[in-house]
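Inside the fold
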Amino acid sequence: MSVGFIMLCHTALDRAAQVARHFSTAGCPVVIHVDRRAGPAAFDGMRAALGDLRNVSFCARFTCEWGTWSLTRATIAAATQLLDRHPDIGHVFLASGSCLPLRPIDELRAYLAARPGTDFIESVTTADVGWTVGGLDEERFTLSFPFAFRRQRRLFDAWVAVQRRLGYHRAVPKGIVPHLGSQWWCLTRSTLSAILTDPRRPEFDRYFRRVWIPDESYFQTLARLHSPAIESRSLTLSKFDYTGKPYSFYDDHLQVLRRSDCFVARKIWPHADRLYDAFLRTDPPRGELVEPNPAKIDRLFAKAGERRTLGRPGLYMQSRFPRQDRENGKTAAPYSVFHGFGDVFENFDAWLSKVTGGRVHGHIFGPDRVELAGGERIFNGALTDSVALRDHNPRMFLTNLIWNTRGERQCFMFGPRDNQSCNWFMATDPNAQISVVTGAWALTLHRNAAMPFEKVRAEAARLQRIETEHLSILRSMYVKARVRIWTLAEFVENPMEPIQTILDEISPRAPRRPSEAPRMRDFAGFSQFLQKLKNQGMQPVLVGDFPAPSEEARPAQRQRPYMVR
Amino acid sequence: MGIWQRYRLRLRRRRWRVRAWYRRRELTPVRDQTAQIRADSVLLFATLRNERVRLPYFLRHYRNLGFGHFLFVDNGSTDGSLEYLSAQPDVSVWSTQQSYKAARFGMDWINGLLARYGHEHWCLTVDIDEFFVYPFCDTRPIRALTDWLDTYRIRSFSAMVLDMYPKGPVDAVPYREGQDPFEIACWFDSGNYMISQNPRFLNLWIQGGPRARTMFADAPAKAPSLNKIPLVRWHRSYAYESSTHMLLPRGLNLVFDDGGGEKASGCLLHAKFLSTLPGKVAEELVRNEHFAGGREYRAYDAQLRSNPDLWTKWSEKYINWRQLEILGLMSKGNWA
């Protein structure tokens, strides 16, 4: 018993002829259907190229339109001819002109001979497949589709809409359950001839003539009526992308195709010379009957589909520029924003970088300089400390910074003196951890003795206004960031507990707790300073309930508070 | 976008096409081999002036990728570029002495040639110092890419300009004719690009890289644009709007996905910062035929005088397209 091939061809007929010759010289009869739309010159050329092969024949030609009955009709014509002319074949393999056999034909023959009664056809019910594209699952079988999807798209869509509106439903012929599956199958002679000679075939044909994409359902459905043993998978390696188009194979897929151990792959780019040269050599069979294993190729294509539909989170580039809320990750990795901490502690950034091991920057949105970690002038990805460049596009500055340092957590200081244009962006970014000590700016103002008080008052009012605005963002219902807010008064009461919480979140598996706390700045005279502000009519509400001047007696605060008490 | 603005953009496109048609008479064919162009040829269009030393490697790079025919406009070269090109078997070349600036920096000439020879062909429009790389360009010829784009009915393909520079002063290592320029200028900035969208033409506006970092750090709005859409399945009704940064009709500028996914894209490796630059700058400062009063060239001049090294310790050394893909400068998209 042998295997016969049906080849459906429409373009690159020279390649199809090459493959047909390969099948034929291996002793397999071939019937070729050439789309009528391929010109007469191309067809005659192919005919002439295969003229010397007695077991290759051409069947009646139909004009084939994707998604319509014409393809199935061509397949039926070719199958009938193949069965009639070659009574000795046991299996019929449906292939296309852009298929390429990856294993010696003798291996396929042996594989099929070992499974004489088995039909290899992917056949699943519509309810169970997730891969139908275009939303027409069940409706493929219950609506009528007289128009071509690709050529007459408007009519196609309008007709579907009309039928839905009218509640039109076609009756599925009695006794069959619609099944779907890959167009490329390999059926036994008995199953195929049972399908073709079924007395009810005219009825079935009439029905499938108006089904959408019958080439993926005609044989898949009818095989269920006649086959004694269906193996629901295709022997042809063929992968479809998220739009329903098949992936192509190129020269650089040679190794991965070889290792897949599939019998036939589709579709091959016609100019992939290396693939055609490598796989159309007549190699002797290896003698071992390994099962096809396309997992590696599946992964390759699954990744490509994911890249096209989801993209890399946090990447903004020439061909990925998501609009708001479609980012799939506004930034590439988690980062921490410390608002006001630089005002409360001395050298907080140095301490933090020692404790967390991450990269800790100063005020990267600062007004005079981009305070990159370690006072660097240039940073990963060749970002610079230029304020003008940063302010030209602050959001991209931030996303670039996070993208360029993937794998290393970034922390930076923030405050109301800084560029505020990323506040909404960070607040709605799940990667952001924002910790705020409100009113901490007052402490720095207080230390700036050189400034005349008139100016100090104005500056305090300005900073308080900016911070209030920022806080209203951080308290809005749209916040996705991890936000924690303390007033300065609350915070200095017991600073290490909140800091420990933040640190635990940054590195949950930190080996040990920091033994040393950061040194707090001098609070001497701060209460008087606040009182003076109030006396001038400026109420520093964000500082919180700081003790009035008389109560101030906390010299201990100046020392390093140790963590372990 | 109202009907009124759409109509104005349509008028604008008509204007560029009329200009291109009018200015075709400025071009004198020196060697016309366009009869060689086959229906499936991928074409390359470029304007040049005095680039003789770069041409051999330029042609080699693009012939290796499988480009079918080259169409050049020579704008008054005096260094033998024209003679060199006319001796090539797969090149058609036109010559003009007219003003580059008056022809909208050469775009009128190129639009004219595109309309005449590029209709329903894949056309790449580049400068002589731009080298196109795309996903899998080391294993798949340009036809693989254009065939793939055809199956998805994509008509335009983005390739951002990536400025390449040497370590040390640009003229420290002299560029030899026929040499791969990226043996010398093999460094680039990997992650300092700024993107915003142009609401009128819908294209992305990309700035950044070493030029923005060193020459326009105080005036970033004036930094050169790096977004380009050089590869287009041309139709005679299309027109390049400004250089190859954007096109009309503006739907062709939507080469990016705004739903989170990545479309496929490439890069134009820009070999400007070579030993040939100081001479070019001196010439162009006198000629004053470049964009925005030669702002860019004045900046180059200042840069070359003060601090000729663009290299930093965070510069990335070029290896191949896969590296650019991983860094997020280009993408394979759905192509596997």
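Residues numbered from 1 in each chain as written. Chains lettered and ligands numbered in written order. Predicted model: local features only at pLDDT ≥ 70, side-chain atom pairs only at ≥ 80, totals over all residues.

1. A closer look at the overall build of chain B
- Helix and strand counts for chain B stand at 9 helices and 16 strands.
- Its C-alpha atoms put chain B at 50 × 45 × 40 Å along the principal axes.
- Residue pairs at least 24 apart in sequence account for 72% of intrachain contacts in chain B once pairs closer than 6 positions are excluded. (Helix = DSSP H or I, 4+ residues; strand = E, 2+ residues; numbered from the N terminus. Contact = placed C-beta atoms within 7 Å.)

2. With respect to the overall build of chain A
- The helix and strand tally for chain A stands at 22 helices and 19 strands.
- In summary, chain A has a C-alpha radius of gyration of 36 Å against a globular reference of 24 Å for 565 residues, an excess of more than 25%.
- Within chain A, the proportion of its 565 residues that are buried is 43%.
- Within chain A, counting contacts between residues at least 6 apart in sequence, those at least 24 apart form 79% of the total. (Rg over C-alpha atoms; globule rule 2.2 N^0.38 Å. Buried ≥ 20, exposed ≤ 12 C-beta atoms within 10 Å, placed from the backbone.)

3. Concerning the sheet that holds strand S2 (residues 43–48) of chain B
All names here are of chain B.
- Read from one edge of the open sheet, 7 strands run S1-S4-S3-S2-S5-S12-S7, paired in mixed fashion. Looking at which strands have only one partner, the edges of the open sheet turn out to be strand S1 (28–31) and strand S7 (156–157).
- Where S2 lies against strand S5 (residues 122–125), 3 bridges are found, and the strand directions are parallel. Note that in S5 the partner of Leu44 across the bridge is Leu124.
- Strands S2, strand S3 (69–75), strand S4 (91–96) and S5 of the sheet are contacted by helix H4 (residues 107–117), whose axis makes an angle of about 160° with S2. (Pairing = 2+ DSSP bridges. Axes fitted to C-alpha atoms, helices over the stretch in contact; angles between N-to-C directions.)

4. Overview of the sheet that holds strand S5 (residues 100–101) of chain A
Residue and element names in this part refer to chain A.
- Pairing in this open sheet of 3 strands is mixed, and the strands run S5-S12-S11 from one edge to the other. Of all strands in the sheet, those bounded by a partner on one side alone are S5 and strand S11 (236–238).
- As paired elements, S11 and strand S12 (residues 264–266) share 3 bridges and run parallel to each other. Bridge pairing in S12 places Thr236 opposite Val264.

5. Concerning the packing of helix H1 (residues 3–22) of chain B against H4 of chain B
All names here are of chain B.
- Two elements in contact, H1 and H4, have axes whose closest approach is 8 Å; the angle formed by their N-to-C orientations is 90°. Relative to H4, H1 is oriented roughly perpendicular. Residues Trp16, Arg17, Arg19, Ala20 and Trp21 of H1 form the contact with H4, whose participating residues are Asp108, Asn111, Gly112 and Ala115.
- Of the residues belonging to the contact of H1 with H4, the class tally is 4 nonpolar, 2 polar and 3 charged. (Parallel < 35°, antiparallel > 145°, perpendicular 65-115°, else oblique. Nonpolar A, V, L, I, M, F, W, Y, C, P; charged D, E, K, R; others polar.)

6. Points about the domain arrangement of chain A
- Under the domain assignment, chain A is made up of domain 1 (2–309) and domain 2 (335–558).
- With centres defined by C-alpha atoms, the gap from domain 1 of chain A to domain 2 of chain A works out at 64 Å. (Domains from an automatic or database assignment.)

7. So, the environment of Leu143 of chain A
Residue and element names in this part refer to chain A.
- The topology assignment puts Leu143 in the loop between helix H5 (139–142) and helix H6 (153–166).
- For the pair Leu143 and Phe425, spaced 282 residues apart in the sequence, the C-alpha separation amounts to 47 Å.
- Leu143 has contacts with Val160, Gln163, Tyr168 and Arg170, leaving out every residue within four places of it along the chain.

8. Considering unusual backbone geometry
- The amide bond that connects Arg266 of chain A to the next residue, Lys267 of chain A, takes the cis arrangement and shows omega of -5°.
- On the secondary structure map, Lys267 of chain A appears in the loop between S12 and helix H11 (273–279).
- Each neighbour pair has its own omega, and for Leu248 of chain B with Pro249 of chain B the value is -5°, a cis peptide bond.
- Residue position: Pro249 of chain B is located in the loop between strand S14 (246–248) and strand S15 (266–270).
- A positive phi angle, close to 60°, is found at Glu120 of chain B, a residue other than glycine.
- You can see Glu120 of chain B is positioned in the loop between H4 and S5.
- Judged by the 10 C-beta atoms lying within 10 Å of it, Glu120 of chain B is exposed.
- Even without glycine at this site, Arg153 of chain B takes up a positive phi of about 55°.
- With respect to the element layout, Arg153 of chain B can be found in the loop between helix H5 (142–151) and S7.
- Look at Arg153 of chain B and you get exposed, because 8 C-beta atoms sit within 10 Å.

9. Observations regarding helix H8 (residues 291–306) of chain B
- If you check H8 of chain B, its first and last C-alpha atoms are 23 Å apart, about what 16 residues at 1.5 Å a residue would give, namely 22 Å.
- For H8 of chain B, every residue scored as buried is listed here: Glu296, Tyr297, Tyr300 and Gln303 of chain B. (Expected span 1.5 Å × (residues − 1).)

10. Some words on the packing of helix H3 (residues 69–85) of chain A against helix H7 (residues 189–197) of chain A
Residues and elements named next belong to chain A.
- The geometry of H3 relative to H7 is characterised by a closest axis approach of 11 Å and an angle of 125° between their N-to-C directions. Relative to H7, the element H3 is oriented oblique. The two elements H3 and H7 cross, and the hand of that crossing is left-handed. Contact residues: H3 offers Ile76, Ala79, Thr80 and Leu83, while H7 offers Arg189, Leu192, Ser193 and Leu196.
- The residue makeup of the contact of H3 with H7, split by class, is 5 nonpolar, 2 polar and 1 charged. (Left-handed = near helix turned anticlockwise from the far one by under 90°.)

11. So, the interface of chain A and chain B
- Contacts between chain A and chain B engage 47 residues on the former and 49 residues on the latter.
- Taken together, the elements giving at least two residues each to the side of chain A that touches chain B come down to helix H12 (295–309), strand S15 (378–379), strand S16 (383–384), helix H15 (387–392) and helix H16 (394–404) of chain A.
- Residue composition of the side of chain A that touches chain B, grouped by class: 20 nonpolar, 16 polar and 11 charged.

12. A few points about H6 of chain A
Residues and elements named next belong to chain A.
- Between its first and last C-alpha atoms H6 spans 20 Å; for 14 residues at 1.5 Å apiece the expected length is 20 Å, and the two agree.
- Counting buried positions over the 14 residues of H6 gives 1, only a small fraction of the element.
- One or two steps after H6, the chain reaches Gly167, where phi turns positive at roughly 70°.

13. Overview of the pairing of strand S6 (residues 130–133) of chain B
All names here are of chain B.
- Residues of S6 alternate between two faces, with Glu130 and Phe132 on one and Phe131 and Val133 on the opposite face, all of them buried.
- Strand direction decides the pairing type here: S6 and S15, joined by 4 bridges, are antiparallel. If you follow Phe131 over to S15, its bridge partner there is Leu269.

14. Examining the confidence of the model for chain B
All names here are of chain B.
- Per-residue pLDDT for chain B averages 92, and the proportion of residues at 70 or more is 100%.
- Taking the mean pLDDT of every element in chain B, the minimum, 78, falls on H8 and the maximum, 97, on S6.
- Overall fold confidence (pTM) sits at 0.91, and the ipTM for the predicted complex is 0.93. (pLDDT = per-residue confidence, 0-100.)

15. Remarks on the pairing of S5 of chain B
Residues and elements named next belong to chain B.
- Here S5 shows two buried faces, one formed by Trp122 and Leu124 and the other by Cys123 and Thr125.
- Judged from the 3 bridges that link them, S5 and strand S12 (residues 231–233) form a sheet pairing that is antiparallel. What sits directly across from Cys123, in S12, is Val232.

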